[in-house]
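Fold and contact review
Here is what each chain is made of, one letter per residue.
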Amino acid sequence: MTYRTPRLTALRYVPEAQRGPVRGRFCFDCGSLYPKLRARHVGKPLYGKDHVSAPCSHEGQEFASDADWWEPAVEVLPPPPEPEEAAEGVVQV
(Lines give C-alpha, C1' and ligand atoms only; values in the text may rest on other atoms or scores of the structure.)
Protein backbone atom coordinates (compact mmCIF):
# COMPACT_ATOMS: atom_id res chain seq x y z
CA MET A 1 0.00 0.00 0.00
CA THR A 2 1.26 3.44 -0.88
CA TYR A 3 0.51 6.50 1.20
CA ARG A 4 0.33 9.62 -0.91
CA THR A 5 0.92 12.94 0.77
CA PRO A 6 0.06 16.22 -0.89
CA ARG A 7 2.93 18.29 -2.23
CA LEU A 8 1.81 21.23 -0.13
CA THR A 9 3.65 23.20 2.52
CA ALA A 10 3.74 26.63 4.14
CA LEU A 11 4.51 29.55 1.88
CA ARG A 12 7.74 30.46 3.71
CA TYR A 13 9.32 27.04 3.08
CA VAL A 14 9.08 27.18 -0.72
CA PRO A 15 11.43 29.21 -2.97
CA GLU A 16 9.54 31.73 -5.08
CA ALA A 17 10.37 29.92 -8.34
CA GLN A 18 8.68 26.74 -7.05
CA ARG A 19 5.50 28.26 -5.57
CA GLY A 20 2.30 27.04 -7.08
CA PRO A 21 -1.26 28.10 -6.31
CA VAL A 22 -2.56 28.36 -2.74
CA ARG A 23 -4.37 25.09 -1.93
CA GLY A 24 -5.03 25.36 1.80
CA ARG A 25 -3.87 26.55 5.23
CA PHE A 26 -0.87 25.19 7.14
CA CYS A 27 -0.89 25.21 10.97
CA PHE A 28 2.65 25.53 12.37
CA ASP A 29 1.60 24.17 15.76
CA CYS A 30 0.22 20.79 14.67
CA GLY A 31 1.69 20.62 11.14
CA SER A 32 -1.71 19.94 9.57
CA LEU A 33 -3.13 21.15 6.26
CA TYR A 34 -6.68 22.49 6.23
CA PRO A 35 -8.92 23.35 3.25
CA LYS A 36 -8.55 26.86 1.87
CA LEU A 37 -12.22 27.70 2.40
CA ARG A 38 -12.44 26.56 6.02
CA ALA A 39 -12.77 29.57 8.35
CA ARG A 40 -11.80 27.80 11.60
CA HIS A 41 -9.17 25.32 12.75
CA VAL A 42 -11.70 22.56 13.51
CA GLY A 43 -12.60 19.12 12.26
CA LYS A 44 -10.61 16.78 10.14
CA PRO A 45 -7.64 18.27 8.25
CA LEU A 46 -6.78 17.46 4.64
CA TYR A 47 -3.55 15.99 5.94
CA GLY A 48 -2.38 15.76 9.52
CA LYS A 49 -2.91 14.18 12.91
CA ASP A 50 -6.17 13.08 14.45
CA HIS A 51 -7.08 15.86 16.88
CA VAL A 52 -9.31 13.68 19.04
CA SER A 53 -6.47 12.19 21.06
CA ALA A 54 -4.14 15.22 21.02
CA PRO A 55 -5.92 18.44 20.09
CA CYS A 56 -3.95 21.36 18.72
CA SER A 57 -3.66 24.42 20.97
CA HIS A 58 -5.33 26.48 18.21
CA GLU A 59 -8.30 24.12 17.83
CA GLY A 60 -11.48 26.16 17.29
CA GLN A 61 -9.69 29.43 16.47
CA GLU A 62 -10.33 31.38 13.29
CA PHE A 63 -7.74 31.52 10.53
CA ALA A 64 -7.38 35.30 10.98
CA SER A 65 -5.11 37.09 8.52
CA ASP A 66 -3.05 38.68 11.32
CA ALA A 67 -2.44 35.40 13.22
CA ASP A 68 1.14 34.10 13.23
CA TRP A 69 0.36 30.43 13.91
CA TRP A 70 -0.75 29.60 10.36
CA GLU A 71 0.21 30.47 6.81
CA PRO A 72 -1.22 29.74 3.34
CA ALA A 73 -0.23 26.30 2.04
CA VAL A 74 1.05 26.37 -1.53
CA GLU A 75 1.63 23.62 -4.03
CA VAL A 76 5.32 22.81 -4.49
CA LEU A 77 6.27 22.86 -8.17
CA PRO A 78 9.33 21.09 -9.62
CA PRO A 79 12.47 23.24 -9.80
CA PRO A 80 12.88 25.23 -13.01
CA PRO A 81 15.36 23.79 -15.51
CA GLU A 82 18.85 25.21 -15.34
CA PRO A 83 19.97 27.15 -18.42
CA GLU A 84 22.35 25.24 -20.62
CA GLU A 85 25.71 26.85 -21.15
CA ALA A 86 26.74 27.44 -24.73
CA ALA A 87 29.80 25.59 -25.94
CA GLU A 88 32.65 27.66 -27.41
CA GLY A 89 32.11 28.55 -31.04
CA VAL A 90 28.50 27.30 -31.09
CA VAL A 91 25.75 29.83 -31.49
CA GLN A 92 22.37 28.88 -30.06
CA VAL A 93 19.30 30.30 -31.72
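For the structure given in this document, a descriptive report is provided here. Residue positions within a chain follow its written sequence, with the count starting from 1. Side-chain atom pairs in this predicted model are given and counted only at pLDDT of 80 or more, local residue features only at pLDDT of at least 70, and totals for whole chains, interfaces and linings cover all residues. Values shown for side chains rest on all heavy atoms present in the structure; no hydrogens or waters enter the calculation.

On to the packing of aromatic side chains. Aromatic ring pairs are defined here through the distance separating the ring centres and the angle between the ring planes. Two aromatic rings from Phe, Tyr or Trp, using only the six-membered ring of Trp, form a pair when their centres are within 6.5 Å; if the ring planes differ by under 30 degrees the pair is stacked, by over 60 it is edge-to-face, and anything between is tilted. For the structure on display, the rule yields 5 aromatic pairs. Where Y13 meets F28, the ring centres are 6.1 Å apart and the plane angle is 90 degrees; that geometry is what we call edge-to-face. You can see Y13 sitting in the loop between strand 1 (8-10) and strand 2 (19-27) and its partner F28 sitting in the loop between strand 2 and strand 3 (33-35), a full 15 residues away along the chain. In this structure F28 comes out as partly exposed when scored by relative accessible area, which is 24%. Between the aromatic rings of F63 and W70, the centroid separation amounts to 5.4 Å while the plane-to-plane angle is 75 degrees, which identifies the pairing as edge-to-face. Here a helix means four or more residues in a row that DSSP labels H or I, a strand means two or more in a row labelled E, and each is numbered from the N terminus. Only protein chains enter the accessibility calculation, which uses a 1.4 Å probe. A residue is then buried if its area is under 20% of the maximum for its type, exposed if over 50%, and partly exposed in between.

Mapping R7 onto the fold places it in the segment before strand 1. Judged by relative accessible area, R7 falls into the exposed class, the value being 55%. By definition, residues are in contact when any of their heavy atoms lie within 4.5 Å. Apart from the residues within four sequence positions on either side, R7 is in contact with V74, E75 and V76.

Below, the discussion takes up the pairing of strand 4 (residues 70-76). Counting buried positions along strand 4 yields 5 of 7 residues, so the element is predominantly enclosed. The pairing criterion is simple: DSSP has to find at least two bridges between the two strands. Where strand 1 meets strand 4, 3 bridges bridge the pair, whose relative direction is antiparallel. For A10, the partnering residue across the bridge sits in strand 4 and is A73. Sheet topology places strand 2 next to strand 4; 6 bridges connect them, and they run antiparallel. Counterpart to R19 in the pairing with strand 4 is V76.

Another point: the sheet that holds strand 1. Backbone-to-backbone hydrogen bonds join strands into a sheet, with any given pair of strands oriented parallel or antiparallel. A sheet is described by the order of its strands in space; here 4 strands give the open sequence 1-4-2-3, paired in antiparallel fashion. Both edges of this open sheet fall to strand 1 and strand 3, since each of them pairs with a single strand only. Each adjacent strand pair in this sheet contributes to an overall mean axis angle of 50 degrees, direction not counted. As a rule, the C-alpha atoms of each element are fitted with a line to give its axis, helices using only the stretch in contact, and angles between N-to-C directions run from 0 to 180 degrees.

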